[in-house]
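Observations on the three-dimensional arrangement
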Amino acid sequence: MFVTKEFKFDAAHFLTDYHGKCEKLHGHTYKLHVTVKGDVKEDGMVMDFVELKKIVNERVISKLDHSLLNDTIDNPSAENIAIWIWNRLKDISGAKLYEIKVWETDTSFVTYRAE
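Residues numbered from 1 in each chain as written. Predicted model: local features only at pLDDT ≥ 70, side-chain atom pairs only at ≥ 80, totals over all residues. Heavy atoms only, no water.

1. Quick notes on the pattern of salt bridges
Let me state the cut-off plainly: Salt bridges are identified by distance alone: a Lys or Arg side-chain nitrogen within 4 Å of an Asp or Glu carboxyl oxygen. Numbering of helices and strands runs from the N terminus; a helix is a DSSP stretch of H or I covering at least four residues, while a strand is a stretch of E covering at least two. Relative accessibility thresholds used throughout: buried, under 20% of the residue-type maximum; exposed, over 50%; partly exposed, between the two (1.4 Å probe, protein chains only).
Under the defined criterion, the tally for this structure stands at two salt bridges. Across the pair D91 and R59 runs a salt bridge, and its minimum N-O distance is 2.6 Å. Pair noted here: D91 is in the loop between α2 (78-89) and β4 (96-105) and R59 is in helix α1 (residues 49-64), with a separation of 32 residues, a long-range link. The exposure class assigned to D91 is exposed, which follows from its relative accessible area of 52%. Of the charged contacts in the structure, one is a salt bridge between E99 and R113, with a shortest N-O distance of 2.5 Å. With E99 in strand β4 and R113 in the segment after β5 (108-112), the pair connects residues that are 14 residues apart, well separated along the chain. E99 sits in the buried class, given a relative accessible area of 8%. Here R113 falls in the partly exposed class, since its relative accessible area comes to 36%.

The following block contains the structure:
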């Protein structure tokens, strides 16, 4: 079974290893999906949405929201943001982290799974 929680955060960034308009400082409202997998436990859940929200807010959203991503993540492309988030969440207890999706715009996103 897969359980997914959606988050949003606003942040600015510039791409240090890219040549084009995105190398200049600009911002996005990012959308994030965090998906965990596991078996349904006796309480009828894989993982409580409230607990997943608490963990992601503490480890990720509180660090990235209304920030300059370059202060936290080297060359913060959507791909590098997803990897950074994965590394912050990979040891979630109670379920196994399955997938991270990061939307930079409404129509552009990356998916990361460490397989």
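2. Here we look at the environment of T35
Applied cut-off: Contact between two residues is taken to exist if any of their heavy atoms lie within 4.5 Å; hydrogens are not considered.
Within the secondary structure, T35 sits in strand β2 (residues 26-37). In the structure, T35 is positioned 61 residues away from K96 in sequence and 8.7 Å away in space, judged by C-alpha atoms. When near neighbours in sequence (up to four residues on either side) are disregarded, T35 contacts F2, V3, T4, K96, L97, Y98 and E99.

3. Some details on α2
For the record, the criterion: Multiplying 1.5 Å by the helix residue count minus one yields the expected span of that helix.
Taking 1.5 Å per residue, twelve residues should reach 16 Å; α2 reaches 17 Å between its end C-alpha atoms and fits that length. Listed in full, the buried residues belonging to α2 are A78, I81, A82, W84, I85, W86 and L89. Residues of α2 that are buried make contact with β2, α1, β4 and β5.

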